[in-house]
Amino acid sequence: MSTAPQLVVHRDKELMAQAAAARLITRIVDAQASRGSASVVLTGGRNGNGLLAALAAAPARDAVDWSRLDLWWGDERFLPEGDPERNVTQAREALLDSVPLDPKRVHAMPASDGPYGTDVDAAAAAYAEELARAAGPENHGPVPTFDVLMLGVGPDTHVASLFPELPAVRELDRTVVGVHGAPKPPPTRVTLTLPAIRAAREVWLLAAGEDKAQAAAIALSGAGEIQAPAAGAYGRSRTLWLLDAAAASQLPRSLYPPASA
Ligand SMILES: O=C(O)[C@H](O)[C@@H](O)[C@H](O)[C@H](O)COP(=O)(O)O
C-alpha cells in the first residue's frame, strides 16, 4: 500500500543536507534502541553525498553505534572497484572511511572487475541473494525491512537507476536487476527495483535545485511510475520528500505551501 508523501522544504540545499543528516542520525539511533541494529540504503548523486558529508561533520554522529548499522545501496554504476564514479567510492570519501563501521555490514554492490566480471545480470542476482540472506522471517519478502532508504531524484524523475520507460522500472518480481543502456552515463548499472524500494519503512526522496522542480511537480501530481519512477517510490510507513525551495518552486499550491498556510 502506498503512503501519501509528506513534504519538507528547506531554504537551500546546504540546510537540507544538514537537516536530513540530523533526521537520519535520529532514525538510526531510534532503530538501534528498539531493534538492536539499523539498516539504511544509500543513494549516489550530489544530494546523497552532501547528506553524508553533513553527517560526517555533525557532532551528534557519535550518538550512532556504527558497528550495528547495515548499509546497502539503491543503485550502483557498474564500474571497476575504486572507480571515483562509483557510488560506494564517493560514500566512503564523504563519510564511511571516517566512522567505525563493521566491514561485513557494508553491502556494496558488485564492481565490474569483481567475481562476476562484466556480467551485470549475474552481479545483480548476487546482490538479490545477499539481500534475501539478510531478510528474516519478520520481513515481508526477500529483502530486509530497511529503516531508511534514500533516493536522489533525477531531472527526468529517475530514482536509483530506474529510468522512465526502461525495463527495470517495470520489474515487479526480482528485487535487483542489471540495467543496460541507461540514458545517463555509465549505461551499465545495478539497481534495486520498485518492490525492493517499497520494502523500506521510510523512503526519503532528496531533490535540490531548479533543475529538479519539474520532476518533483510531475512525480507528486499523480504521474504513473513507468513514466515517472519517483512516483512509485514509497515506504511502508512513511514517504518523505526533502526539497530545497528551488526544487519546490513548481509544486502545485495544493501541495506546497500547504493549503492551510
Ligand atoms: O547514478 C547516477 O547517475 C546519479 O547518482 C543519479 O541517479 C542521481 O542520484 C540523481 O540524478 C540525483 O542527483 P543529484 O542528487 O546529484 O541531484
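All figures in this text were calculated on a predicted structure; none of them were measured in a lab.

Rules behind the numbers
Residues numbered from 1 in each chain as written. Predicted model: local features only at pLDDT ≥ 70, side-chain atom pairs only at ≥ 80, totals over all residues. Heavy atoms only, no water. Near = heavy atom within 4 Å. Polar contact = N/O pair within 3.5 Å; in protein donor to acceptor, adjacent residues only side chain to side chain. Areas by Shrake-Rupley, 256 points an atom, 1.4 Å probe, with all protein chains shown as cover. Helix = DSSP H or I, 4+ residues; strand = E, 2+ residues; numbered from the N terminus. Nonpolar A, V, L, I, M, F, W, Y, C, P; charged D, E, K, R; others polar. Pairing = 2+ DSSP bridges. Axes fitted to C-alpha atoms, helices over the stretch in contact; angles between N-to-C directions. Contact = heavy atoms within 4.5 Å. Phe/Tyr/Trp six-rings, centres within 6.5 Å; stacked < 30°, edge-to-face > 60°. Buried < 20%, exposed > 50% of the residue type's maximum accessible area, 1.4 Å probe, protein only. Core = buried A, V, L, I, M, F, W, Y, C linked by side-chain atoms within 4.5 Å.

A.B. asks: How should the site of the ligand be read in this particular structure?
C.D. replies: Every one of the 13 residues lining the ligand counts as a neighbour, but Arg46, Arg77, His158, Arg189 and Lys212 are closest to it. One of the side-chain nitrogen or oxygen atoms of Lys184 is found 3.2 Å away from an oxygen atom of the ligand. Alone, the ligand offers 420 Å² of accessible surface; in the complex the protein occludes 96% of this. Elements with a contribution of two residues or more to the shell around the ligand: helix 2 (45-57) and strand 4 (75-77). In terms of residue class, the shell around the ligand is made up of two nonpolar, five polar and six charged.

A.B. asks: What is the right way to look at the sheet that holds strand 6 (residues 176-179) in this model?
C.D. replies: Pairing between the strands of a sheet comes from backbone hydrogen bonds, and it takes one of two forms, parallel or antiparallel. Taken together, the three strands give an open sheet; going across it, the order is 4-7-6, and neighbouring strands pair in antiparallel fashion. A single partner strand is all that each edge strand has here, and the edge strands are strand 4 and strand 6. Neighbouring strand axes in the sheet, compared pairwise and without regard to direction, differ in orientation by 15° on average. Note that strand 4 and strand 7 (residues 189-192) share three bridges and pair antiparallel. What sits directly across from Glu76, in strand 7, is Val190. Lying on the sheet, helix 4 (residues 120-134) is in contact with strand 6 and strand 7; it crosses strand 6 at an angle near 160°.

A.B. asks: Where do I start with the packing of aromatic side chains in this structure?
C.D. replies: The description of an aromatic ring pair rests on the distance of the ring centres and on the angle between the ring planes. Enumeration over the complete set of coordinates arrives at two aromatic pairs. With a centroid separation of 5.8 Å and 75° between ring planes, the pair formed by Trp72 and Tyr127 is classed as edge-to-face. Here Tyr127 lies in helix 4 and Trp72 lies in strand 3 (residues 69-73), a separation of 55 residues in the sequence. Residues Trp72 and Tyr127 agree in their burial class; the two are buried.

A.B. asks: Please clarify how the nonpolar core should be interpreted in this entry.
C.D. replies: One recurring pattern in soluble globular proteins: nonpolar side chains tend to sit buried together. Trp73 and Leu192 are the most contacted members of the largest nonpolar core, which totals 83 residues. Excluding its chain neighbours within four sequence positions, the residues that come into contact with Leu192 are Val41, Trp73, Gly74, Met109, Tyr127, Leu131, Phe146, Leu149, Leu162, Thr175, Val176 and Ile197.

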